[in-house]
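Residue-level structure breakdown
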Amino acid sequence: MTYQRPNFRHPEAPVNTLGFTRRDYEGSISTLCAGCGHDSISAAIIEACFGLPVAPHRIAKLSGIGCSSKTPAYFLGRSHGFNSVHGRMPSVATGANLANQDLVYIGVSGDGDSASIGFGQFAHVVRRNLNMTYIVENNGCYGLTKGQDSATADRGSKSKKGSANPYEAIDLASVALQLGATFVARSFSGDREQLVPLIKAALSHSGFAFLDVMSPCVTFNNHEGSTKSYIHVRDHLDAAPVDFVPVRDEIRASYAEGMTTEVRMHDGSVVRLHKDSGQVYNIEDRQAALRAIAEHDEAGRTLTGLLYIDRDAPDLHKVLGTSRRPLNSLKEKDLCPGSKVLDSINAGLR
Amino acid sequence: MKPTDIGNAEYFHKVVDCQYACPAHTPVPEYIRMISAERYTDAYMVNWESNVFPGILGRTCDRPCEPACRRGRVEDAPVAICRLKRAAADNKGSLEGLMPKIPRRKNGKNIALVGAGPASLTVARDLMPLGYKIDIYDDQGKGGGMMRSQIPVFRLPPAVLDEEVGYILDMGVTTHFNTRVESLRSVLADDYDAVFVGTGAPRGSDLDIPGRQEAAARIHVGIDWLSSVAFEHVESIGKRVIVLGGGNTAMDCCRTARRLGGEDVKVIVRSEFSKMKASPWEKEDAMAEGIPILNNHVPRAFLHENGKLTGMSFDLVEVRYDDTGRRSLVPTGEAVEFPCDAVLIAIGQENAFPWIERDVGVEFGKWSVPVVDPRTYQSTNPKVFFGGDAALGPKNIITAVAHGHQAAISIDLFCRGQNLHDRPGPGVTLISQKMGMHEWSYDNGVSDDYRFKVPHADPALTLKNRKLEVELGFDTRTALAEAQRCLNCDVQTVFTAATCIECDACVDICPVDCINFTPDAEESVLRSSLRAPATNHEQDLYVSGPLIQTARVMVKDENVCLHCGLCAERCPTGAWDMQKFLYNVTKAGQACAPSKR
Ligand SMILES: Cc1cc2nc3c(=O)[nH]c(=O)nc-3n(C[C@H](O)[C@H](O)[C@H](O)COP(=O)(O)OP(=O)(O)OC[C@H]3O[C@@H](n4cnc5c(N)ncnc54)[C@H](O)[C@@H]3O)c2cc1C
Ligand SMILES: Cc1ncc(C[n+]2csc(CCOP(=O)(O)OP(=O)(O)O)c2C)c(N)n1
Ligand code: SF4
Ligand code: SF4
Ligand code: SF4
Ligand SMILES: [Mg+2]
């Protein structure tokens, strides 16, 4: 009669190139409803960080409020973290990131957290191209407060009690594209094959990487008539497969000419997209991405995969010309240039 | 892959590693849970039903269950299954009313059992409650066979042996002790409906090398010497003793020699240490008593002067493996001598049936082992059955018990004129353990403790007194903690594909990466492509049919599942359930449909 995860792990559990096992990336046991899509995303984040790999202590995870925003407690238990107030994760992430660009920032938010109360914050963090991975665990409802329709709920989607949502839905991926996001992807919590490489790619991107991940709320939004249930999402998915090839691995698999696109990231890793199922437009064409999303939407389908990438846009640090070194490592000598410099400044103002 | 048929009792049986490995298929986790609940008497009876000698086996069993124990695959060492059995026996209460009722009116059938070792006693134990009249013959003065004549009292106190042999003889078995059977023909002439031969493998191998005849007075065959000690015909041995052989008999010989005045006792073995037949714990116990084990020594000659043994010479060998992996012992050309006052030869045991006439219809095969059906234990004379060491050569007590159970079923079928091959299947139940949120009717927590050591009596005392038991057994607190190490492998993860929504919750929570959802493929492909590669081919993959949403299949590698229940705990639809699987080997006369599988 216990609800604790045993300490044993598979005796042949793999060790990554940094010497860590998956266990070093786990958090405490989830308290979300059994079967929640968010738990799957947590597992995908663990898998991506373990596989990339990033050392746990080099990661900072940030979140707002909601079931989704609770999940950082359930992964990366040996990383830094900040659970902020509802919809305010972007401000905290911006502050943390500006103070120390040596960490890898993962923001986890919900559709309520990002598309309602935090919509304004969301807009600004996108347009500033803050170097972080921003994951919205999108279940079309406010899970934590018992399943009210959120701003991403599709028009006509039925609530558990049977009433249809009368409002137009916000598509966060399209919004992010319009606001100048430099990496936009969509995925599904139940498609680990696609989600893990996408998270790896997002973590390797320098700039703002946005992932909208459909993540069924098994308790309040998994019924018939909901467009965010497991079965509905699976039935309406047009998933474009994605491979992530880390820097250290040579590219071995060969594909038919013209069937794949390879995107080389700044760190040398490669994201490989397969054209055979859906990814037919130029991945670096923002307008084409917006059109593809809309076309699928009109056909009643959801396109998932890497939707858009701009590898060259400067991130916020470059724009602001900030200190390369973390602020906490700057000493008085670095901060106070001395009276001579002060004199020359003063002289310049006279 | 073909979906797993969990309706086949053998599938889940195999998951219960210890029970599967036990020749008598004792429901191990079931009795270990009873020990955790301080239900020692119940734990004892579960054992008694299936292995007949819990107190004896709790001290002496060869424990094939332990190397099989799952705990040994996820951690350092297996659960101390054997010593927990002893804890049940040590702490049990009164057994009054728990033993089977023996019908006063007999069924008119008479059975003779030759030999009163564990095999024969098990036959008696299974047939007495069915109304058979049983005569048991043994050349010793008491029942128990080699458990009495060979196993030294410092490992098995006579009181424990007497008690458990007594439970059977007290059922009303007619004993003919101190009676050596000299002719099977005459037994058959005595109008028995069936005869069971449980006479063991009573002949110790000798070593015919130079000096054997000349120095014979101080050279003894190990098992003969041990029984002479057991029956107190021998009370001392010289100071310097060489024991030849690397099996358990050698370990008992050397430890006994230490107690009878041997000060410089050595075990000298042909093979290397790791290839010795003795169980690791027997070797440890011997070495702990200051007995060195010398390996790779091949005996060359007994040395003697004026008809008196003075020592032994050996050729040193090296172990070599050829390209095919075949092992050979290659002489190094070096020889060594050790002076000694006595030698005990413990290099093997053989069957011998001088009392069975070769024309009574019992055929013998190679090495004078009788031709016996390995399922029914019937010989080529349909009335004559064999079991224990007599049937298939020297093994151990628990194997003798398992043979005894099966032979009893055969004898019962035979006496009722039924087909011996139409045998009853096992009794099986599979029951959900769910009680509520986060609540199971078994203790699903997984203890982190390492295996507890059984305390030993002070060697200063035990080496002086042959009759003092060395192992003290677990106290109840340690037994409880050790019992907690059991992973409850009989509480099965049962999967229902029809209710699974493929949310991956079970995959993510499983601490040991057992569960996978993947496109179906051949077993070899699946084994190499799972989250954690399934490299232990002795453990099965549990495979579902195609799932509703994606047509993938669920594949679970049973290998290191901790039976923690978290998959079932995290499943939103109850597609996983934890169900207790109880598997009981059906005994003679237990009404149960014959197995059709
Ligand atoms: C030194 C030693 C230590 C051992 N230690 C262990 C141990 O720790 N654990 C373990 O599991 N096993 C142990 N064994 C093996 C174990 O004792 C046997 O495998 C087991 O007792 C076999 O049981 P059985 O019923 O087949 O025959 P036995 O136990 O051999 O009993 C046969 C009986 O038949 C009698 N008999 C033989 N011929 C006749 C006849 N013609 N007429 C009348 N009676 C006859 C014999 O005297 C004997 O009493 C040990 C064996 C030896 C030699
Ligand atoms: C300032 C503030 N307003 C309202 C709430 C109540 N509240 C808690 S969670 C939540 C919605 C969360 O929805 P979402 O971000 O989609 O998370 P989910 O639980 O669905 O994962 C709301 C409105 C709050 N905690 N704080
Ligand atoms: S309420 Fe919904 S979103 Fe929250 S944990 Fe439960 S299933 Fe997940
Ligand atoms: S019981 Fe379930 S969760 Fe626990 S180890 Fe076994 S498969 Fe994994
Ligand atoms: S938790 Fe249950 S519903 Fe979810 S994938 Fe596992 S078995 Fe299926
Ligand atoms: Mg939500």
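A brief structural summary. What you see as residue numbers is a count from 1 along each chain, following the sequence as written. Note on labels: chains are lettered from A, ligands numbered from 1, in written order. Totals for whole chains, interfaces and linings use all residues, but because this is a predicted model, local features are given only for residues with pLDDT of at least 70 and pairs of side-chain atoms are given and counted only at 80 or more. Hydrogens are left out, water is left out, and the side-chain values use all remaining heavy atoms of the structure.

1. Some points on the overall build of chain A
Check the secondary structure of chain A and you find 12 helices and 13 strands. Radius of gyration (C-alpha) of chain A: 21 Å, near the 20 Å computed for a compact globule of 350 residues. Counting only C-alpha atoms and orienting by the principal axes, one finds that chain A spans roughly 75 × 50 × 50 Å. Burial classes follow relative accessibility: with a 1.4 Å probe on protein chains only, a residue under 20% of its type's maximum area counts as buried, one over 50% as exposed, and anything between as partly exposed. Put simply, chain A has 350 residues, and 52% of those count as buried. The contact criterion used throughout is that any non-hydrogen atoms of two residues lie within 4.5 Å. Taking contacts inside chain A between residues at least 6 apart in sequence as the whole, the part at least 24 apart equals 71%. Note on areas: Shrake-Rupley, 1.4 Å probe, and residue coverage restricted to the protein chains presented here. For chain A, the computed accessible surface area is about 15600 Å², with 53% contributed by carbon and sulfur atoms. With 37 positive and 37 negative side-chain charges, chain A shows a separation of 7 Å between the mean positions of the two kinds. For helices the rule is a DSSP run of H or I covering at least 4 residues; for strands it is a run of E covering at least 2, with both sets numbered from the N terminus onward. The globule rule is 2.2 Å times the number of residues to the power 0.38, and the radius of gyration it is compared with is taken over C-alpha atoms. Charge assignment in this entry is limited to Lys and Arg as positive and Asp and Glu as negative, and neither His nor the chain termini are counted. Taken as the charge centre is NZ of Lys, CZ of Arg, CG of Asp or CD of Glu, depending on the residue.

2. Description of the site of ligand 5
Residues in contact with ligand 5 amount to 14 residues; listed here are only the nearest, Cys-500, Cys-503, Asp-504, Cys-506 and Cys-571 of chain B. The class makeup of the residues in the shell around ligand 5 is 11 nonpolar, one polar and two charged. The near set for a molecule or strand comprises every residue that places at least one heavy atom within 4 Å of it. Under this grouping Gly is polar, as are all residues other than the nonpolar Ala, Val, Leu, Ile, Met, Phe, Trp, Tyr, Cys and Pro and the charged Asp, Glu, Lys and Arg.

3. A closer look at the nonpolar core
What makes a nonpolar core is a set of buried Ala, Val, Leu, Ile, Met, Phe, Trp, Tyr and Cys residues whose side-chain atoms join them at distances within 4.5 Å. One finds Phe-53, Leu-184 and Phe-386 of chain B to be the most contacted residues of the largest nonpolar core, which totals 74 residues. Ranked by residues supplied to this core, first place goes to helix H17 (residues 397–415) of chain B with 11 residues. Each residue touching Phe-386 of chain B, except ones within four places of it in the same chain, is listed here: Phe-196, Val-197, Phe-353, Ile-356, Val-362, Pro-370, Val-372, Tyr-377, Ser-379 and Ala-391 of chain B. Core analysis: the second largest hydrophobic core is formed by 71 residues, Ala-60, Ile-135, Val-175 and Leu-290 of chain A among them.

4. A word on the sheet that holds strand S7 (residues 183–188) of chain A
All names here are of chain A. Here, a strand pair is defined by DSSP locating no fewer than two bridges between the strands. Spatially, eight strands are ordered S2-S1-S3-S4-S8-S7-S13-S9 in an open sheet, and the strand pairing comes out mixed. For this open sheet the edge positions go to strand S2 (80–83) and strand S9 (237–239), each flanked by a neighbour on one side alone. With strand direction ignored, the average angle separating the axes of adjacent strands in the sheet is 20°. Where S9 lies against strand S13 (residues 302–309), three bridges are found, and the strand directions are parallel. By the bridge assignment, Leu-237 is partnered in S13 with Thr-302. Strands in contact with helix H9 (residues 286–298) are S7, S9 and S13; relative to S13, the strand with the most contacts, it is inclined by about 175°. Lines fitted to C-alpha atoms define the axes here, with helix axes fitted over just the stretch in contact, and angles between the N-to-C directions of these axes take values from 0 to 180 degrees.

5. As for helix H8 (residues 81–91) of chain B
All names here are of chain B. In terms of burial, H8 is a largely internal element, nine of the 11 residues being buried. Three or more residues of H8 are buried, namely Ile-81, Cys-82, Arg-83, Leu-84, Lys-85, Arg-86, Ala-87, Ala-88 and Ala-89. Packed against the buried residues of H8 are helix H2 (17–21), helix H3 (28–36), helix H4 (40–51), helix H5 (54–60), helix H6 (65–68) and helix H19 (476–483).

6. So, the interface of chain A and chain B
Contact residues are listed per partner, giving 28 residues for chain A and 41 residues for chain B. Once two parts are put together, the accessible area they lose, assessed with a 1.4 Å probe and summed over both, is termed the buried area. Between chain A and chain B, a total of about 2900 Å² is buried, with carbon and sulfur atoms accounting for 54% of that surface. A salt bridge links Arg-570 of chain B to Asp-39 of chain A, with the shortest nitrogen-to-oxygen separation between them at 2.7 Å. Of all the secondary-structure elements, those providing two or more residues to the side of chain A that touches chain B are helix H1 (37–51) and helix H8 (230–235) of chain A. Partitioning the side of chain A that touches chain B into residue classes produces 13 nonpolar, eight polar and seven charged. Should a side-chain nitrogen of Lys or Arg be within 4 Å of a carboxyl oxygen of Asp or Glu, the pair is scored as a salt bridge.

7. Quick look at the packing of aromatic side chains
Residue and element names in this part refer to chain B. For Phe, Tyr and Trp, where Trp contributes only its six-membered ring, two rings pair if their centres lie within 6.5 Å, and the inter-plane angle classes them as stacked under 30 degrees, edge-to-face over 60, or tilted in between. Here the structure, examined in full by the defined rule, presents 20 aromatic pairs over all chains. Plain terms: the ring middles of Tyr-11 and Tyr-542 are 5.7 Å apart, the flat faces sit at 55° to each other, and that makes the pair tilted. Of the two residues, Tyr-11 is situated in helix H1 (residues 9–15) and Tyr-542 in strand S21 (residues 541–543); the sequence distance between them amounts to 531 residues. Between Phe-385 and Phe-414, the ring centres sit 5.8 Å apart and the planes meet at 70°, which makes this aromatic pair edge-to-face. Taken as a pair, Phe-385 in strand S15 (residues 384–386) and Phe-414 in helix H17 lie far apart in primary sequence, 29 residues in all.

8. Structural notes on helix H9 (residues 118–127) of chain B
Of all 10 residues that make up H9 of chain B, 10 are buried, and the element is covered over most of its length. Taken together, the buried positions of H9 of chain B are Pro-118, Ala-119, Ser-120, Leu-121, Thr-122, Val-123, Ala-124, Arg-125, Asp-126 and Leu-127 of chain B.

9. Quick look at the pairing of strand S4 (residues 194–197) of chain B
Two faces belong to every sheet, and in a regular strand the side chains alternate between them. All names here are of chain B. Side chains Ala-194 and Phe-196 project from S4 onto one buried face, and the interleaved Val-195 and Val-197 project onto a second face that is buried too. Looking at chain direction, strand S1 (residues 110–114) and S4 are connected through four bridges and run parallel. Residue Ala-112 lies in a different strand from S4, and its bridge partner there is Val-195.

10. As for empty space enclosed by the protein
Cavities and pockets are defined on a 1 Å grid built over the protein atoms alone: a cavity is a set of grid points where a 1.4 Å probe fits but cannot escape, while a pocket is an open set with protein on both sides within 12 Å along at least five of seven lines, and lining residues are those with an atom within 4 Å of any such point. Grid points are joined across faces, edges and corners, and a volume is the space filled by probe spheres set on the points. Taken as a whole, this structure holds eight cavities of 30 Å³ or more when the rule is applied. Taken as a whole, the largest cavity holds about 420 Å³ of empty space. If you trace the largest cavity, you find 27 residues lining it, with Arg-5, Glu-26 and Ile-46 of chain A together with Asp-508 and Ile-509 of chain B closest to the centre. Only H1 of chain A together with helix H20 (505–509) of chain B provide two or more residues apiece to the lining of the largest cavity. Per-element accounting of the lining of the largest cavity gives the leading share, five residues, to H1 of chain A.

11. A short note on the coordination of the magnesium ion (ligand 6)
Residue and element names in this part refer to chain A. Bound to the magnesium ion (ligand 6) on the protein side are Asp-111 (OD), Asn-139 (OD1) and Cys-141 (O), at distances that span 2.1 to 2.2 Å. Keep in mind that water is not among the atoms, so a site may look incomplete; donors are the N, O and S atoms within 2.8 Å of the metal, or 3.2 Å for Na, K and Ca. Along the chain, the residues donating to the magnesium ion (ligand 6) fall in the pattern D-x27-N-x1-C. With Asp-111 in helix H4 (residues 111–117) and Cys-141 in strand S5 (residues 141–142), the pair connects residues that are 30 residues apart, well separated along the chain.

12. Details of the sheet that holds S4 of chain B
Residue and element names in this part refer to chain B. Strands sit in the order S3-S2-S1-S4-S15 across an open sheet of five strands; the sheet is parallel. This sheet does not close on itself; its edge strands, each paired only once, are strand S3 (174–176) and S15. Here the strands of the sheet are splayed against their neighbours by 20° on average, with no regard to which way each runs. Here five bridges tie S1 to strand S2 (residues 133–137), and the two strands are oriented parallel to one another. Looking at the pairing, Val-114 lines up with Tyr-137 of S2. Sheet strands in contact with H9 are S1, S2 and S4, and its direction is about 160° off that of S1. H17 rests against S1, S4 and S15 of the sheet, and its axis sits at about 165° to S4.

Don't take any of this as a statement about function, it's just geometry.
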